[in-house]
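# Survey of secondary and tertiary structure
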Amino acid sequence: MSLLFDQVIKRFIRTGSLTIIMPDGSIRRYEGSPGPKAAMRIKTDEALRALIVNSGLAFGEGYMDGLIEPVDGTLEDVLLVLMTNMQDSNHIFNRLESGFRFLTRRVRQFNDRRRSRRNVAHHYDLNGELYRLFLDQDRQYSCAYFAQDDMTLEEAQLAKKRHIAAKLKLDRPDLSVLDIGCGWGGMALTLAKEFGARVTGVTLSQEQLQAARQRAADEGLSDRVRFELCDYRAIRHQFDRIVSVGMFEHVGIGHYDQFFRTVHERLKPDGVALVHSIGRSDGPGSTNPWINKYIFPGGYSPALSETLGAVEQAGLWVTDCEVLRLHYAKTIAIWRQRFAANRDRILALYDERFYRMFDFYLTGAELSFRVQGHMNFQLQLTRSIDAVPLTRDYMFEAERAAAM
């Protein structure tokens, strides 16, 4: 088994170097062209076999269980070497794993209403205190917008909300806004407070719903903002504006047509919608099996090429498209710092295995934006060709006014 593993890794490592301490104590070093370096230990033969059978799942599980660990470095060091080489790997095992995931992705992403609620509960109904320990004060669990490089996380998340608000063209009070996937309510509350909107936020998370409603009451905004436990597909009213931040990743590729048809049907004829999502710059792909099992079941970050076809089929105009490249990497780097600083408090909520799971998730997520082509995109959508001005100047002016 170790001989087969040795042959696999020899062909896999093409950039940088990886030193591995095997279960029998032997040390093997694999080198490619100049690049990052790391070392790790595999403690058992079972963990070694699992890596050969399904490396995409087994590496994360091995780390969670303490059977795989970095040596003389960090988890980030090891993942940087591995994820850098995944970009270039043409090895047969890697091709087979990726091909199987791609062919079966529609099954894993079959997110009907019942399955969607279960998937959301898996991640977003965790103890609310966990998210307070590493997110910003507003609990924005999506990519921040670093308009200036030296912004704090709180400043960058507020800038993100204002950036999106400018694209929504909130040019008069009392516009009705539907917030699909409203999280803990931060976007909806900001649109009401700063722009005079009347917002309906929908979520499938009980934890988020309770927190969002309490925040609206505490801020005296219950008359302008209401939150509902509701699938977006069940909405029947039309709105002046629709916003969706960090929710499209949970829709599932087989439901894109339905999602954008719903946006079209729920948007007034002169309305404006803004969809903010994680995407991938290298074309269609599949979700890592460890992420699918432990973090975001049913989730998938789409390429624009997969998204725009569904927009066209729904009869919507793409009136603006922006790609945010390293903003999320910067965001997650700060989350990781805060997460590590609160290790003891997180261990009081959960156990060591959970801590390692979430650490693995955050570390891999940051690197996916740094070395694997992940990014964020924002699509401004309208039903009418003339729903927004002919130039983008109004966006910049609205954003500057909000910042003032």
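Predicted model, so just to flag it, every value in this text is computed and none were measured.

### Points about the packing of aromatic side chains
Between two aromatic rings, the relevant description is the distance of the centres plus the angle of the planes. Within the structure shown, the criterion is met by 28 aromatic pairs. A centroid spacing of 6.0 Å and a plane angle of 75° characterise the contact between F134 and W335, whose relative ring orientation is edge-to-face. Of the two residues, F134 is situated in the loop between α8 (128–132) and α9 (153–168) and W335 in helix α15 (residues 327–341); the sequence distance between them amounts to 201 residues. W335 matches F134 in its accessibility class, with the two residues each being buried. For the ring pair F248 and F260, a centre distance of 5.3 Å and an interplane angle of 50° mean the geometry is tilted. One end of the pair, F248, is in the loop between β8 (239–245) and α12 (256–266); the other, F260, is in helix α12, with 12 residues separating them in the sequence. The pair formed by F248 and F260 is uniform in burial state, with each residue classed as buried. Note that R343 overlies the ring of Y355, its terminal NZ or CZ placed 4.6 Å from the centroid.

### Remarks on the sheet that holds strand β11 (residues 374–382)
Spatial ordering of the open sheet is given by β7-β6-β5-β8-β9-β11-β10, a layout of seven strands whose pairing is mixed. One side of each edge strand has no neighbouring strand; the edge strands of this open sheet are β7 (225–229) and β10 (317–324). On average, each strand axis in the sheet is tilted by 15° relative to the strand beside it, whichever way the strands run. Summarising the sheet, strand β5 (residues 176–180) and β8 pair through three bridges and their orientation is parallel. Counterpart to D179 in the pairing with β8 is V243. Its contacts with the sheet place α9 against β8, β9 (267–280), β10 and β11, and it is angled at close to 145° to β9. Helix α11 (residues 206–218) contacts β6 (198–203) and β7 of the sheet and is inclined by roughly 165° relative to β7.

### Quick notes on the packing of α9 against helix α10 (residues 186–195)
Two elements in contact, α9 and α10, have axes separated by 10 Å at closest approach and are oriented at 65°. As far as their axial angle goes, α10 and α9 are roughly perpendicular. In the packing of α9 onto α10, the handedness of the crossing is right-handed. Across from L158, K160, K161, R162, I164, A165 and L168 in α9, the residues of α10 making contact are G186, M187, T190, L191, E194 and F195. A class-by-class count of the residues in the contact of α9 with α10 yields seven nonpolar, two polar and four charged.

### Here's the deal with the pattern of salt bridges
As enumerated under the stated definition, the model contains 33 salt bridges in all. K169 serves as the salt-bridge partner of D171, at 2.5 Å between the closest nitrogen and oxygen. D171 sits in the partly exposed class, given a relative accessible area of 44%.

### Some points on the nonpolar core
Counting 70 residues, the largest nonpolar core has Y141 and F358 as the members making the most contacts within it. Among the elements that make up this core, the one with the highest residue count is helix α17 (residues 352–371) (10 residues). For F358, the residues in contact, after removing those within four places along its chain, are H123, L126, L130, Y131, F134, Y141 and F339. Core analysis: the next-biggest nonpolar cluster, separate from the first, contains 29 residues, I242, V263, A314 and L379 among them.

### Description of empty space enclosed by the protein
If a probe the size of a water molecule is rolled over the atoms, the empty space left behind becomes visible. Enumeration according to the criterion identifies one cavity of 30 Å³ or more in this entry. Space inside the largest cavity adds up to approximately 30 Å³. Of all the secondary-structure elements, those providing two or more residues to the lining of the largest cavity are α3 (55–64), β4 (68–70) and α4 (75–88). Looking at the lining of the largest cavity element by element, the count peaks at three residues for β4. Its residues placed into classes, the lining of the largest cavity shows seven nonpolar, no polar and one charged.

### With respect to the pairing of strand β2 (residues 27–31)
In the sheet, strand β1 (residues 15–21) pairs with β2 via five bridges, with the strands oriented antiparallel. Paired with L18 across the two strands is Y30, which belongs to β2. Counted along the chain from β1 to the antiparallel partner β2, the turn is five residues long, and its residue G25 has a positive phi close to 95°.

### A look at unusual backbone geometry
Of note, K169 is a non-glycine position whose phi angle comes to about 55°, a positive value. Among the structural elements, K169 can be located in the loop between α9 and β5. A relative accessible area of 19% means that K169 is categorised as buried. The backbone of D174 sits at a positive phi, close to 65°, despite the residue not being glycine. Along the chain, D174 turns up in the loop between α9 and β5. Taking the relative accessible area as the measure of exposure, D174 reaches 42% and is therefore partly exposed.

### Overview of the pairing of β8
Of all seven residues making up β8, seven are buried, and the element is well covered by its neighbours. Looking at chain direction, β8 and β9 are connected through six bridges and run parallel. Across the sheet, the residue bridging to I242 is A273, located in β9. In this view, the connection linking β8 to its parallel neighbour β9 by way of α12 has right-handed handedness.

### Describing the sheet that holds strand β3 (residues 33–42)
Here four strands make up an open sheet; going across it, the order is β2-β1-β3-β4 and the pairing mixed. At either margin of the open sheet sits one strand with a lone partner, and together these are β2 and β4. Averaged over all neighbouring strand pairs, the angle between strand axes comes to 25°, with direction disregarded. The strands that helix α1 (residues 2–12) touches are β1, β2 and β3; relative to β2, the one it contacts most, it runs at about 25°. Against the sheet, α3 contacts β3 and β4, and its axis sits at roughly 75° relative to β4.

Cut-off values and rules
Residues numbered from 1 in each chain as written. Predicted model: local features only at pLDDT ≥ 70, side-chain atom pairs only at ≥ 80, totals over all residues. Heavy atoms only, no water. Phe/Tyr/Trp six-rings, centres within 6.5 Å; stacked < 30°, edge-to-face > 60°. Helix = DSSP H or I, 4+ residues; strand = E, 2+ residues; numbered from the N terminus. Buried < 20%, exposed > 50% of the residue type's maximum accessible area, 1.4 Å probe, protein only. Lys NZ or Arg CZ within 6 Å of the ring centre and 35° of its normal. Pairing = 2+ DSSP bridges. Axes fitted to C-alpha atoms, helices over the stretch in contact; angles between N-to-C directions. Contact = heavy atoms within 4.5 Å. Parallel < 35°, antiparallel > 145°, perpendicular 65-115°, else oblique. Left-handed = near helix turned anticlockwise from the far one by under 90°. Nonpolar A, V, L, I, M, F, W, Y, C, P; charged D, E, K, R; others polar. Salt bridge = Lys/Arg side-chain N within 4 Å of Asp/Glu carboxyl O. Core = buried A, V, L, I, M, F, W, Y, C linked by side-chain atoms within 4.5 Å. 1 Å grid on protein atoms, 1.4 Å probe; cavity = no way out; pocket = protein on both sides within 12 Å on 5 of 7 lines; lining within 4 Å. Points joined across faces, edges and corners; volume = space filled by probe spheres on them. Right-handed = clockwise from strand over helix to strand, strands pointing away.

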